[in-house]
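Now for the letters of each chain:
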Amino acid sequence: MRKWTFRSALVLLCILSLISEQGQHIHAKAESDSQNPVNPPKVEEKLGAVPNGLSTDSDVAKREAESISKRSLRSDAQKFEFQAEVSRLMDIIINSLYSNKDIFLRELISNASDAIDKIRFLALTDKEVLGEGDNTKLDIQIKLDKQNKILSIRDRGIGMTKEDLIKNLGTIAKSGTSAFVEKMQTSGDLNLIGQFGVGFYSVYLVADYVEVISKHNDDKQHVWESKADGAFAISEDTWNEPLGRGTEIRLHLRDEAGEYLEESKLKDLVKKYSEFINFPIYLWASKEVDVEVPADGDESSDEEEKSAESSSGEEEESEKGEDEDTEDKPKTKKVKETTYEWELLNDVKAIWLRNPKEVTDEEYTKFYHSLTKDFSDDKPLAWSHFTAEGDVEFKAVLFVPPKAPDDLYESYHDAYKSNLKLYVRRVFISDEFNELLPKYLNFLRGLVDSDTLPLNVSREMLQQHSSLKTIKKKLIRKALDMIRRIADEDPDEAKDKDKKDVENSSDDEKKGQYAKFWNQFGKSIKLGIIEDATNRNRLAKLLRFESTKSEGKLTSLDQYISRMKSGQKDIFYITGVNKELLEKSPFLERLKKKGYEVIFFTNPIDEYLMQYLMEYEDKKFQNVSKEGLKLGKDSKDKELKESFKELTKWWKGVLASENVEDVKISNRLDDTPCVVVTSKYGWSANMERIMQSQSLSDASKQAYMRAKRVLEINARHPIIKELRERVVKDPEDESVKQTAQLIYQTALLDSGFILQDPKDFASRIYSSVKSSLNISPDANVEEEVDVEETESKTETKETADTSKNDADTGTSAVKDEL
């Protein structure tokens, strides 16, 4: 027995010595490995954006206990150190690239979409790369683990090899943080920002530990993990569920990022940023359903017990019989039960990727309502769906809304919000770009999707991108063509010779559409003429207005020119408060009589508009209330000027203090004795009125723009003829001078000016009335007799006495009652 025990002990000691030597050998090897860290491979600069993408698992596999609890890098993983300072790296990501944390989900979904795109492209030539079963489903899946605060995102894209994980997830650090910042600030190479590394590292805005599990067809499944603390580790994955192919990202969320564990929050983010991704995006979402479960035998309602006790003998027997029948059937009840299923989040199709000829009007209308969140029954007035090719490639859909918002022109120059959404590779970037469309087109709705713009870049940086200027130029041209098409397809807009053809080819829906557009957005076209010199002539074709010959309908400049008289060189217009007043204006008398057409401009912005719209189709604009109106030559002009030379000279002297530059014979009057016109480049009467009504206007500065006034007289009018006779007889007659002053002030009012001294004008009117009634100018108003004051004092005293007597009577009545 002792021999056997000794032999057993000897064998045991040998085994322990062998184990000890092997352990020392392993320990020595580990130490040598730690002393000689593996240098990561050198990464080429400008590696390109998202070569392989990220993915998500349908079932979040079991986590390694150590990884979840301690959130530390696995001890047996191969370690790599970032070459750049992590604090500097995170400063770039948080402060320079992203203004809100929600962006991280957009970046990961975009990367997943790119990874699926790549495997789909490879499958065109080799279908075997997709594999079998679930691997053929090209989708993106999002799953939550609220208990462990883990958000998982998986795709079945191309996946990444170990080498890809090292390169793609270490690019930003290995390219050099300093060089990265320098290039960004100098705008030397903005595409550097679009590299996969920057987009991926936005996850550290919400997570303090990240795992990337990836499987490529050409390699084993590996796990990349990092806490962004200066190192990351990669190891072969032998504990997680096999992915088959693709990538899964697990974000161990920070405590302050708990909102991203809510299903509603994730749904909103996907709806906002990734609604039009090509591939389906699913969320493992909870849902409450009614489920029938067996009812407990002890549970019975009180009503059933009471009814059983109070029933009669026969009823009891029948109920017993029924109970015996029902006992054979199990009793059930309905309860609420929470179930989980994959919910599709992006069910709206990106119609801008389709051929415009294949999209129906109903689909465009539905897409417009979805895009603008306008759930009314109104259809957009027009839309334009096009693809731009060249240096900058993009697809766009533009809509003209059926009506303008109430606040469209409020604070137009103070705040500007574009209604155009910018997508890059079907990923929503922002709707706050003011560089895609000018302000005057901010009523348009739609989107732009570009494949050439950098994706992982902030809105501020992207606004400086040179490609936006090209996109803006093409968008403006397409937008104006779309608006022009509304007019071309409107039967009411057709010329007389083409009206029948248009009516035959157009349906009733398009009738009156442009008038509707003009009433809603006409002011925007006028603002465009003021602000956009490049497209001024194109915008002028869209102008609509009423005129002396439009018969209450809108007309265009082209239609006006087609009706111009032979020999007419100018386009005549007049500005004022409203059409009714302008139709009675004395400036139109001779023009109407000779058959000239005059445009009515009644909006305050029209005064500014005509300062920029100087000519159209080689025809100059002429304000009929200003100097320079030419209506042909009159052989009697020289004779009239000579015969009224004495009157005009005298009248100019009388009005020397009234800022009147000259007195001339008029060629625009017919029934009115005189009018007051302004110089060609000065303010009109309407413009003076507008400027004086400005709350922040400066009267001292307005004096520079207030034009010199010219009094034009009608040589054929009897008042003017009689005044000339009186002046010839006695040019110093004060009554004649007073009459001349009164005529001038009356002409000011009739011409649309505001009198500087209304009291003086009223006094002259009253003096004229006295004269017409043969009342002496020296007659005075009778003095008022001071009697009313005495009478009022007596009445006040009597009223006080009466009130006192009434009060005494009331007091006595109360006493008697008591």
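**Q** Please explain the overall build of the chain as it appears in this structure.
**A** When helices and strands are tallied, the chain shows 29 helices and 22 strands. Sorting the 818 residues of the chain into buried and exposed places 44% on the buried side. If you take every contact in the chain between residues at least 6 apart in sequence, the share linking residues at least 24 apart comes to 75%. As displayed, the chain offers around 45900 Å² of accessible surface, 47% of which is attributable to carbon and sulfur atoms.

**Q** Please explain the layout of surface pockets as it appears in this structure.
**A** To locate leftover empty space, one rolls a probe as large as a water molecule over the atoms. By volume, the largest pocket is sized at about 960 Å³. Contributing to the lining of the largest pocket are 33 residues, with Leu629, Lys630, Leu631, Gly632 and Asn667 lying nearest its centre. A class-by-class count of the residues in the lining of the largest pocket yields nine nonpolar, eight polar and 16 charged.

**Q** How should the packing of aromatic side chains be read in this particular structure?
**A** Describing an aromatic ring pair means giving the distance of the ring centres and the angle of the ring planes. Applying the stated criterion to the full structure yields 17 aromatic pairs. Measuring from ring centre to ring centre gives 5.4 Å for tyrosine 514 and phenylalanine 517, while their planes differ by 40 degrees; the resulting arrangement is tilted. With tyrosine 514 and phenylalanine 517 both in helix H16 (residues 513-531) and three residues apart, the pair spans about one turn of that helix. Accessibility expressed as a relative area gives 0% for tyrosine 514, which makes it buried. You can call phenylalanine 517 buried: its relative accessible area is 0%. Taken together through their ring pairs, the aromatic side chains of Trp352, Phe367, Tyr368, Phe399 and Tyr423 make up a single cluster. Note that lysine 143 overlies the ring of tryptophan 284, its terminal NZ or CZ placed 4.8 Å from the centroid.

**Q** Just to check I follow, could you spell out the environment of aspartate 391 for this structure?
**A** Within the fold, aspartate 391 resides in the loop between strand S10 (382-388) and strand S11 (394-400). Sequence spacing of aspartate 391 and threonine 470 is 79 residues, and the spatial spacing of their C-alpha atoms is 8.6 Å.

**Q** Looking at this structure, how should I read the sheet that holds strand S18 (residues 615-616)?
**A** Across a sheet, paired strands are connected by hydrogen bonds in the backbone, their directions being either parallel or antiparallel. Read from one edge of the open sheet, five strands run S15-S17-S16-S19-S18, paired in mixed fashion. Each edge of the open sheet carries a strand with a single partner, namely strand S15 (546-547) and S18. One ladder, built from two bridges, connects S15 with strand S17 (residues 598-601); its direction is antiparallel. Bridged to glutamate 546 within S17 is phenylalanine 600.

**Q** Looking at this structure, how should I read the pattern of salt bridges?
**A** A side chain of one charge can pair with a side chain of the opposite charge if their charged atoms are brought near each other. For the coordinates displayed, the defined rule picks out 29 salt bridges. The partner of lysine 287 in a salt bridge is glutamate 341, and the shortest N-O contact between them spans 3.8 Å. Of the two residues, lysine 287 is situated in strand S8 (residues 281-294) and glutamate 341 in strand S9 (residues 332-344); the sequence distance between them amounts to 54 residues. Of the residues examined, glutamate 341 reaches a relative accessible area of 38% and is grouped as partly exposed. Close ionic contact of lysine 526 with aspartate 606 constitutes a salt bridge, the shortest N to O distance being 2.8 Å. One end of the pair, lysine 526, is in helix H16; the other, aspartate 606, is in helix H21 (residues 605-612), and 80 residues separate them in sequence. In terms of burial, lysine 526 and aspartate 606 fall into one category: buried.

**Q** Would you explain the pairing of S8 in this entry?
**A** The side chains of a regular strand alternate, first on one face of the sheet and then on the other. The pairing of strand S2 (residues 140-145) with S8 spans three bridges and is parallel. Within the sheet, the bridge partner assigned to isoleucine 142 lies in S8 and is leucine 283. Alignment of S8 against S9, held across 13 bridges, turns out to be antiparallel. Directly across from tryptophan 284, in S9, lies its bridge partner tryptophan 342.

**Q** Please clarify how unusual backbone geometry should be interpreted in this entry.
**A** Residues other than glycine predominantly adopt negative phi, and peptide bonds predominantly adopt the trans conformation. A positive phi angle, close to 50 degrees, is found at glutamate 617, a residue other than glycine. With respect to the helices and strands, the residue glutamate 617 is situated in the loop between S18 and strand S19 (619-623). In the Ramachandran plot, asparagine 774 falls in the positive-phi region, its phi being about 60 degrees despite a non-glycine side chain. Relative to the helices and strands, asparagine 774 is located in the loop between helix H28 (758-772) and helix H29 (788-817).

**Q** Just checking my understanding: could you explain a positive patch on the surface for this structure?
**A** Together, Lys569, Lys620, Lys630 and Lys680 make up a positively charged patch on the protein surface. With a relative accessible area of 66%, lysine 630 lands in the exposed category.

**Q** Can you walk me through the nonpolar core in this structure?
**A** Side chains of a nonpolar character, in soluble globular proteins, are inclined to be buried together. With 77 residues, the main nonpolar core has Val400 and Leu475 as its most contacted residues. No other element matches helix H14 (residues 467-488), which puts ten residues into this core. Among all residues touching leucine 475, those that are not within four sequence positions of it are Phe386, Phe394, Ala396, Leu398, Leu420, Leu436, Leu437 and Val448. Counting 67 residues, the second largest nonpolar core, distinct from the first, contains Leu266, Val270, Phe276 and Trp352.

**Q** Hey, could you run me through the packing of H21 against helix H24 (residues 685-692) in this one?
**A** A packed helix pair is summarised by two numbers, namely the angle formed by the two axes and the spacing between the axes. Two numbers describe how H21 lies on H24: the axes approach to 9 Å, and their chain directions differ by 125 degrees. Regarding the angle of H21 to H24, the classification is oblique. When you trace H21 past H24, the crossing you get is left-handed. For the pair H21 and H24, the contacting residues are Glu607, Tyr608 and Gln611 in the first and Asn686, Met687, Ile690 and Met691 in the second. Partitioned by chemical class, the residues of the contact of H21 with H24 number four nonpolar, two polar and one charged.

**Q** How do you make sense of the packing of helix H27 (residues 734-750) against H28 when you look at a structure like this?
**A** Packing of H27 against H28 brings their axes to within 10 Å, and their N-to-C directions diverge by 125 degrees. On the basis of their axis angle, the class for H27 and H28 is oblique. Our pair here, H27 against H28, has a crossing hand that is left-handed. Between H27, through Gln738, Gln741, Leu742, Gln745, Thr746 and Leu749, and H28, the contact on the second element is made entirely by Asp760, Phe761, Arg764, Ile765 and Ser768. The residue inventory of the contact of H27 with H28, partitioned by class, reads four nonpolar, five polar and two charged.

Cut-off values and rules
Residues numbered from 1 in each chain as written. Predicted model: local features only at pLDDT ≥ 70, side-chain atom pairs only at ≥ 80, totals over all residues. Heavy atoms only, no water. Helix = DSSP H or I, 4+ residues; strand = E, 2+ residues; numbered from the N terminus. Buried < 20%, exposed > 50% of the residue type's maximum accessible area, 1.4 Å probe, protein only. Contact = heavy atoms within 4.5 Å. Areas by Shrake-Rupley, 256 points an atom, 1.4 Å probe, with all protein chains shown as cover. 1 Å grid on protein atoms, 1.4 Å probe; cavity = no way out; pocket = protein on both sides within 12 Å on 5 of 7 lines; lining within 4 Å. Points joined across faces, edges and corners; volume = space filled by probe spheres on them. Nonpolar A, V, L, I, M, F, W, Y, C, P; charged D, E, K, R; others polar. Phe/Tyr/Trp six-rings, centres within 6.5 Å; stacked < 30°, edge-to-face > 60°. Lys NZ or Arg CZ within 6 Å of the ring centre and 35° of its normal. Pairing = 2+ DSSP bridges. Salt bridge = Lys/Arg side-chain N within 4 Å of Asp/Glu carboxyl O. Patch = residues over 30% accessible without salt bridge, like charges linked within 9 Å, V, L, I, M, F, W, Y side chains within 5 Å. Lys, Arg positive; Asp, Glu negative; His and termini not counted. Charge placed at Lys NZ, Arg CZ, Asp CG, Glu CD. Core = buried A, V, L, I, M, F, W, Y, C linked by side-chain atoms within 4.5 Å. Axes fitted to C-alpha atoms, helices over the stretch in contact; angles between N-to-C directions. Parallel < 35°, antiparallel > 145°, perpendicular 65-115°, else oblique. Left-handed = near helix turned anticlockwise from the far one by under 90°.

In short, the description is geometric, and any link to function would need to be established separately.
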